[in-house]
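# Overview (structure and organization)
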Amino acid sequence: MSTPDTIVLIHGFWVTPRSWEHWIDHYKKRGYRVLAPAYPGFEAEVESLNTDTTPIEKVTVEEIIGSLEQEVRALDKPPVLIGHSAGGVFVQILLDRGLGAAGVAMCSAPTEGVAVVPLTQIKAAFPVLKNPANRHRAVGLTAEQWHYAFANTFSEEESKALYERYAIPASGGIFWDSALATLRPGHQSTYVDYHNDARAPLLFISGEKDHLMPPKVQQSNARHYKSNTVTEVREFPGMPHLLPAAPGWEKVADQALDWALEQAR
């Protein structure tokens, strides 16, 4: 297989593709074509989605994955897939479907069957899970909640600026479905085949200080894979959940891409 020339960046919940703005410019300067697709209905700007949350309330995991799959399959050759938070789950699902030359799941949410739930994660996700009625709503974070979940290594002033630039509500329905996935019979929307030997190589990247998806989550997720394909985990000291915007993100971006290019098949 020829070396990938395209990178697909997949955002997580509570943010939009705008959260990749630094990485897009960085990778383009390295000579790569960079795509950062929005979830269906999320093509609007952050400010618009905060005003009208209808697209957030309506979107489903199946729609997101279907849209991403269509975009990746339309490319001339397999790209490098890099996903953050929920985007890390979508990277794993796309890899399981035979897409991508290599994948990086950064500060990733867990796929089906990963039941590790650290206390910091419970606190960070509590604004959504505290009320079952949130299953039918788009649930936003306050600036204080954002600081704890996304930007705890930043000053309050810096965190507030990031909150105003990036934050949107998240789908309460998707969060609740994920929380209940291990209790339901049959495969759910975040299922992957952990024994799939045909899957492309996968790197998990963790932020040491991540409250929302702590390193234990990625470590457990990686251990679930029993295939003969490369699966590795790297942890970056001092990094929060909002790793794409944290000081030192350039090092993470370069190491993620260099690993993916080396492993690509």
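Our subject in this report is the structure included herewith. (Residues numbered from 1 in each chain as written. Predicted model: local features only at pLDDT ≥ 70, side-chain atom pairs only at ≥ 80, totals over all residues. Heavy atoms only, no water.)

### Looking at the sheet that holds strand E2 (residues 33-35)
Taken in spatial order, the 6 strands of this open sheet run E2-E1-E3-E4-E7-E8, and their pairing is parallel. Lying at the two open borders of the sheet, with one neighbouring strand each, are E2 and strand E8 (231-236). Across this sheet, the average inter-strand angle for adjacent strands is 20°, counted without regard to direction. Bridge count between strand E1 (residues 6-10) and E2: 3 bridges; the pairing is parallel. What sits directly across from Ile7, in E2, is Val34. Against the sheet, helix H1 (residues 21-29) makes contact with E1, E2, strand E3 (80-84) and strand E4 (102-106), and its axis sits at roughly 175° relative to E1, the strand it touches most. (Pairing = 2+ DSSP bridges. Helix = DSSP H or I, 4+ residues; strand = E, 2+ residues; numbered from the N terminus. Axes fitted to C-alpha atoms, helices over the stretch in contact; angles between N-to-C directions. Contact = heavy atoms within 4.5 Å.)

### A closer look at the packing of aromatic side chains
A full pass over the atoms with the stated rule returns 12 aromatic pairs. Their ring planes at 80° and their centres at 6.3 Å tell us that Phe13 and Phe90 sit as a pair that is edge-to-face. Taken as a pair, Phe13 in the loop between E1 and H1 and Phe90 in helix H5 (residues 86-96) lie far apart in primary sequence, 77 residues in all. By the burial criterion, Phe13 is buried, and Phe90 matches it. Here Phe204 and Tyr225 contribute two aromatic rings whose centre-to-centre distance is 6.4 Å and whose plane-to-plane angle is 50°, an arrangement assigned as tilted. With a gap of 21 residues between them, Phe204 in strand E7 (residues 202-207) and Tyr225 in the loop between helix H10 (215-224) and E8 connect regions that are remote in the sequence. Taking the relative accessible area as the measure of exposure, Phe204 reaches 0% and is therefore buried. Following the ring pairs from residue to residue traces out a cluster consisting of Phe13, Tyr39, Phe42 and Phe90. (Phe/Tyr/Trp six-rings, centres within 6.5 Å; stacked < 30°, edge-to-face > 60°. Buried < 20%, exposed > 50% of the residue type's maximum accessible area, 1.4 Å probe, protein only.)

### Observations regarding the environment of Val80
Residue position: Val80 is located in strand E3. Separated by 23 residues in sequence, Val80 and Gly103 place their C-alpha atoms 5.9 Å apart.

### Let's talk about the environment of Glu157
By the secondary structure assignment, Glu157 is in helix H8 (residues 156-166). Exposure remark for Glu157: the relative accessible area of 68% places this residue in the exposed category. C-alpha separation for the pair Glu157 and His147, spaced 10 residues apart in sequence, amounts to 9.8 Å.

### What to know about the side chain of Thr53
Looking at the secondary structure, you find Thr53 in the loop between helix H2 (46-51) and helix H3 (54-58). Side chain to side chain, Thr53 and Glu57 meet in a polar contact 3.0 Å long. (Polar contact = N/O pair within 3.5 Å; in protein donor to acceptor, adjacent residues only side chain to side chain.)

### A short note on the pairing of E1
The element E1 is extensively covered by neighbouring structure, given that 5 of its 5 residues are classed as buried. Side chains of E1 alternate between two faces, with Thr6, Val8 and Ile10 and Ile7 and Leu9 buried alike. Taken together, E1, H1 and E2 constitute a β-α-β crossover, and its handedness is right-handed. Direction of pairing for E1 relative to E3: parallel, over a ladder of 4 bridges. Among the inter-strand pairings, Leu9 is bridged to a residue of E3, identified as Ile82. (Right-handed = clockwise from strand over helix to strand, strands pointing away.)

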